[in-house]
Amino acid sequence: MSDDIIRSVEAPTNPDMPQIKPGDMVSVFLRIREGNTERTQEFRGTVLNSRKGGNNANFTVRRIASNGIGVERTFLLNSPRLEKVVVHRRSHVRRANLTFLRERTGKQARLKQKFN
Amino acid sequence: MMKGLIGKKVGMTQIFDENGAAVPITLIEAGPCYVTQIRNPEKDGYNAVQLGFEEIKRERLTGGQLGHLKNNELGPLRFLREFRVKDPQVSEGDKLEVGDVFEIGEQVDVVGTSKGKGFQGAVKRHGFRGGPKTHGQSDRQRATGSIGATTTPGRVFKGKKMPGHMGFERVTIHNLRVEYVDGDRNLLGVRGSIPGPKGGVVMIKAARKQ
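Rules used throughout
Residues numbered from 1 in each chain as written. Chains lettered and ligands numbered in written order. Predicted model: local features only at pLDDT ≥ 70, side-chain atom pairs only at ≥ 80, totals over all residues. Heavy atoms only, no water. Helix = DSSP H or I, 4+ residues; strand = E, 2+ residues; numbered from the N terminus. Contact = heavy atoms within 4.5 Å. Buried area = accessible area lost by both parts, 1.4 Å probe. Salt bridge = Lys/Arg side-chain N within 4 Å of Asp/Glu carboxyl O. Polar contact = N/O pair within 3.5 Å; in protein donor to acceptor, adjacent residues only side chain to side chain. Nonpolar A, V, L, I, M, F, W, Y, C, P; charged D, E, K, R; others polar. Buried < 20%, exposed > 50% of the residue type's maximum accessible area, 1.4 Å probe, protein only. Arc of directions from axis to C-beta. Pairing = 2+ DSSP bridges.

*Asks:* Sorry, what's going on with the overall build of chain A here?
*Replies:* A count of helices and strands for chain A gives one helix and six strands. Reading the helices (α) and strands (β) of chain A from amino to carboxyl end gives α-β-β-β-β-β-β. Principal-axis analysis of the C-alpha atoms gives chain A an extent of 50 × 40 × 25 Å. Partitioning the contacts of chain A with sequence separation of at least 6, the portion at a separation of at least 24 is 49%.

So, in structure tokens, the structure goes:
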């Protein structure tokens, strides 16, 4: 019963949110407040993992920034700061946590695309 | 209106504030409470308000408990707690609901009974470092160590930290911010954690050290 109460207090799940899976190439559009103005920033990369857990549900995105430096960012799935998430392509992966991508660069870091 | 309620811990979660930041909160099913008695200096020697929480079956209480509640024509209540309040601004028999008592942004103190840990050693109970793992040691890894000097003083000091029962004691957490109030469902959310297990009874009071 107490779990029902907790769930009712948490933010409702966003129906527009696509299902995010490890290996997906996604763009995360994030609202950022700078002083008084608000703007949207895109963060584009590969999803390394996703976690359930009510309001703590989150997913990690890894992108390669300039000079080949990997940048990882974790987003809360139900956060009101997330404007939208676009899935560009899905990959065939065999594990839930793609930490092996951290050690790979260039052609080695490719994932096989999944069409369906 | 006096600031005070009795409640039951529901559990923890996190919510998003107006800036979109995640805030860790503990939900408490707080009230409705009834004022069962007002203590005054003339009769009782101190100022306090006694609140009752959670209605139960009549058979669960003794005749004396029922008689105490009957003074104000209240039904049987499971828990009674006293809150030291100088100027109560409530009268006996009043009903207190969370929506009327607390509002978002206020600071509160939460009093509860911590989870019982049983008989625990000095490493867990007092944070002792234990002994060395190596250099020929045996049976010393989580040992208490020396508990005193020699012939002077020839005894162990009172209050020496030693193994013993841990937990299940009254704990007060000060200055928790009220982050969530739902008057219809008697729900209160405070920032951070509070003592005790889910379902544990807690007292919520106005913050003393503001």
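*Asks:* It is not clear to me how the interface of chain A and chain B should be interpreted in this structure. Could you clarify?
*Replies:* It is common to give the size of an interface as the accessible area lost on bringing the parts into contact. Contact residues are listed per partner, giving 16 residues for chain A and 17 residues for chain B. When chain A packs against chain B, close to 1300 Å² is buried across both sides, 61% of that on carbon and sulfur atoms. At the boundary of chain A with chain B, the tally comes to zero salt bridges. Where chain A meets chain B, there are four residue pairs in polar contact (both at pLDDT 80 or more). In terms of residue count, the dominant contributor to the side of chain A that touches chain B is helix α1 (residues 2-9) of chain A (six residues). Taken together, the residues of the side of chain A that touches chain B break down into six nonpolar, six polar and four charged.

*Asks:* Please clarify how α1 of chain A should be interpreted in this entry.
*Replies:* Residues spaced three or four apart along an α-helix point in a common direction, a consequence of the helix completing one turn every 3.6 residues. Of all the positions in α1 of chain A, only I5, I6 and V9 of chain A are classed as buried. End-on view of α1 of chain A: buried residues confined to an arc of 100 degrees, all on one side of the axis. Close packing links the buried residues of α1 of chain A with β1 (4-16), β2 (22-30), β10 (170-182) and β11 (187-191) of chain B.

*Asks:* I tried to follow the sheet that holds strand β3 (residues 33-39) of chain B on my own but got confused; where do I start?
*Replies:* Sheets are built from strands paired through backbone hydrogen bonds, the pairs being either parallel or antiparallel. All names here are of chain B. Spatial ordering of the open sheet is given by β5-β4-β3-β6, a layout of four strands whose pairing is antiparallel. Here the strands that pair on one side only, and so sit at the sheet edges, are β5 (77-83) and β6 (95-96). Of the strand pairs in this sheet, β3 and strand β4 (residues 48-55) are connected by six bridges, and their pairing is antiparallel. If you follow V35 over to β4, its bridge partner there is L51.

*Asks:* Sorry if this is basic, but what is going on with unusual backbone geometry here?
*Replies:* Most peptide bonds are trans, and most residues other than glycine sit at a negative phi. All names here are of chain B. The omega torsion across T152 and P153 is 5 degrees, close enough to zero to call that bond cis. With respect to the element layout, P153 can be found in the loop between α3 (122-126) and β9 (164-166). Located in the positive-phi region is H135, a residue other than glycine, with phi close to 60 degrees. Position of H135 relative to the elements: it lies in the loop between α3 and β9. Accessibility expressed as a relative area gives 75% for H135, which makes it exposed. Even without glycine at this site, D139 takes up a positive phi of about 60 degrees. Note that D139 resides in the loop between α3 and β9.

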